[in-house]
Amino acid sequence: NIKNSVMAKEENGSKPVMNGRLVPIGPNGLVDETYGGYHISYEVKKLMPTNKPADQQKNGKMEVGIADDQAKDFDFAKTEMKYDSTGMFHWTPARSIEDCILDRNQAAMTVLNGHVVVCLFADPDSPLIGLRNLVMPLRASNFHYHELKHVVIVGAVDYIRREWKTLQNLPKISVLNGSPLSRADLRAVNVNLCDMCVILSAKVPSNDDPTLADKEAILASLNIKAMTFDDTIGVLNQSSNAPDAMSPLGSPIVLHRKGSVYGSNVPMITELVNDSNVQFLDQDDDDDPDTELYLTQPFACGTAFAVSVLDSLMSTTYFNQNALTLIRSLITGGATPELEIILAEGAGLRGGYSTPDTLSHRDRCRVGQISLSDGPLATFGEGRKYQDLFVASLRNYGMLCIGLYRLRDAALTTVDATSKRYVITNPPFDFGLLPTDQVYVLLPFERKQSRFSFSETEV
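Cut-offs applied
Residues numbered from 1 in each chain as written. Predicted model: local features only at pLDDT ≥ 70, side-chain atom pairs only at ≥ 80, totals over all residues. Heavy atoms only, no water. Axes fitted to C-alpha atoms, helices over the stretch in contact; angles between N-to-C directions. Helix = DSSP H or I, 4+ residues; strand = E, 2+ residues; numbered from the N terminus. Contact = heavy atoms within 4.5 Å. Nonpolar A, V, L, I, M, F, W, Y, C, P; charged D, E, K, R; others polar. Buried < 20%, exposed > 50% of the residue type's maximum accessible area, 1.4 Å probe, protein only. Pairing = 2+ DSSP bridges. Salt bridge = Lys/Arg side-chain N within 4 Å of Asp/Glu carboxyl O. Phe/Tyr/Trp six-rings, centres within 6.5 Å; stacked < 30°, edge-to-face > 60°.

The subject of this paragraph is the packing of helix 12 (residues 309–319) against helix 13 (residues 323–332). Here helix 12 crosses helix 13 at 145 degrees, and the two axes come no closer than 8 Å. Across the interface between the two elements, Leu 313, Thr 316 and Thr 317 from helix 12 touch Ala 323, Leu 324, Ile 327 and Ile 331 from helix 13. The residue makeup of the contact of helix 12 with helix 13, split by class, is 5 nonpolar, 2 polar and no charged.

This is how it looks when you write it as structure tokens:
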């Protein structure tokens, strides 16, 4: 036996040794098969030099430790994990769902603002829809921590508990155990102050009548649009110009925008299973029921999303593989082959230390929205052409314009005028701009901002 031929006996001949070390014996009386691999890897690691200072070396020999390319003088003990192991997404230690559940009173006292409300219809045994895929792009590491929008999920906690394993390492998530159809729950999470309300359903649609597949999502959408809200918080924000303004509850007021008085002005997107059901989302829409989805007002305004849209994305990717890079950036917030393997194997997000290599992954573009009513681009809203805006944005700010978000009624002077906007992708070069337009751009990552340093803000 070759393996036993390299073994030596101790002087008493009772126990086998290898290089002066005791060797474990398996149940069959032979050397344990796994020992050789462990031993070799240990010996190799010992031989690799470390980056220790000369005064820490003993007897003229280098100390045993981690190799230079792994250590890089990094103090792991004092470093907090803020990103996943690939550096692509913000990360936090796993939290129990019980720590993130709010009741109605707690939600109302939190004074949520500028957040994302996810209205989720699901039974306890409904199939999982993968909420992580919705939340992860909102936690991309090319956002600074203070830019992350709080995500509040309103739905049955028994279902969310089943999804929680994939959400527990993503920061700024709260759960309200309630119903998306309950106006009391919607008011508790300040749906009128949210930056976006997403309406989803995990329930399996009935095969009897396809038009009923989206009934709950449509009802929730119409319910929110029919609500009216007290504008007290919005007025309070306007009248409190002092930097140390406090709310009636004694907490600092940090409001980003004035709340909507009418539910019809709440930013909202509703997922539909059946394309034809888009006709029920807008009561003031006079589109023909047989109109194609992409020609309807809700789709053009970005308030409706249908599963069939993914078919066109897949077709586009098949005929133009370069489109996948742009689609991935827009939809996933960026991904790496390493991260895709980790998620595909079901390991979930793992925390990682902030090394120069992982931090470099933050340096990628993200989608932004710039107003032409004020700011450095305001001059282009005064009758200039799209080509002027495109060239100046790219040359002066490194921003790539990809489309416009225009008011449906450019002049809000009539009684019937609405604040709805629609998307214009890649306008012609001589397309005229308006002061009320907003521009979709790809923004470069900014390592430093005026009020926050690259080292991130403390929570």
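Okay, unusual backbone geometry next. Even without glycine at this site, Lys 172 takes up a positive phi of about 60 degrees. You can see Lys 172 is positioned in the loop between helix 7 (157–163) and strand 8 (173–177). When its relative accessible area of 22% is taken as the criterion, Lys 172 is described as partly exposed. Backbone geometry places Asn 426, a non-glycine residue, at a positive phi of 45 degrees. Structurally, Asn 426 can be placed in the loop between strand 15 (421–425) and strand 16 (438–443). Overall, the relative accessible area of 60% leaves Asn 426 in the exposed class.

A few words now on the sheet that holds strand 6 (residues 116–121). With parallel pairing, 7 strands are arranged side by side in an open sheet as 5-8-7-6-9-10-11. Bordering the open sheet on either side are strand 5 (101–102) and strand 11 (304–306), each of which pairs with just one other strand. Summarising the sheet, strand 10 (residues 268–272) and strand 11 pair through 3 bridges and their orientation is parallel. The partner of Glu 271 across the bridge, within strand 11, is Phe 305.

Another point: the side chain of Ser 174. Within the secondary structure, Ser 174 sits in strand 8. With sequence-adjacent residues up to four places away left out, Ser 174 is seen in contact with Cys 100, Leu 102, His 150, Val 151, Val 152 and Ile 153.

Turning to the pattern of salt bridges, a few remarks are in order. One pass over the full model with this rule turns up 10 salt bridges. Its salt-bridge partner being Arg 104, residue Asp 185 comes within 2.8 Å of it at the nearest N-O pair. One end of the pair, Asp 185, is in helix 8 (residues 183–188); the other, Arg 104, is in helix 5 (residues 104–109), and 81 residues separate them in sequence. Judged by its relative accessible area of 43%, Arg 104 falls in the partly exposed class. Measuring nitrogen to oxygen at the nearest pair gives 2.8 Å for the salt bridge that ties Glu 216 to Lys 203.

As a further point, take the packing of aromatic side chains. According to the stated counting rule, one finds 3 aromatic pairs in the structure shown. Arranged with centres 5.0 Å apart and planes meeting at 90 degrees, the rings of Tyr 318 and Phe 319 form a pair that is edge-to-face. Its relative accessible area of 68% is what places Tyr 318 among the exposed residues. Measuring from ring centre to ring centre gives 5.6 Å for Tyr 405 and Tyr 440, while their planes differ by 50 degrees; the resulting arrangement is tilted. Here the residue Tyr 405 occupies a position in strand 14 (residues 400–407), and Tyr 440 occupies one in strand 16, the gap between them amounting to 35 residues. According to the relative accessible area criterion, Tyr 440 is partly exposed, its value standing at 21%.

The next subject is the sheet that holds strand 15. Each strand in a sheet pairs with another by means of backbone hydrogen bonds, the pair being arranged parallel or else antiparallel. Spatially, 13-16-14-15 is the arrangement adopted by the 4 strands of the open sheet, whose pairing is antiparallel. If you trace the sheet from one side to the other, it starts and ends with strand 13 (366–371) and strand 15, each paired once. Shown here is a sheet whose adjacent strand axes are inclined to one another by a mean of 30 degrees, direction ignored. Here strand 13 runs beside strand 16; their pairing, made up of 6 bridges, is antiparallel. Counterpart to Gly 368 in the pairing with strand 16 is Val 441. In this fold helix 16 (residues 386–397) packs onto strand 14 and strand 16, with an angle of close to 135 degrees to the strand it touches most, strand 14.

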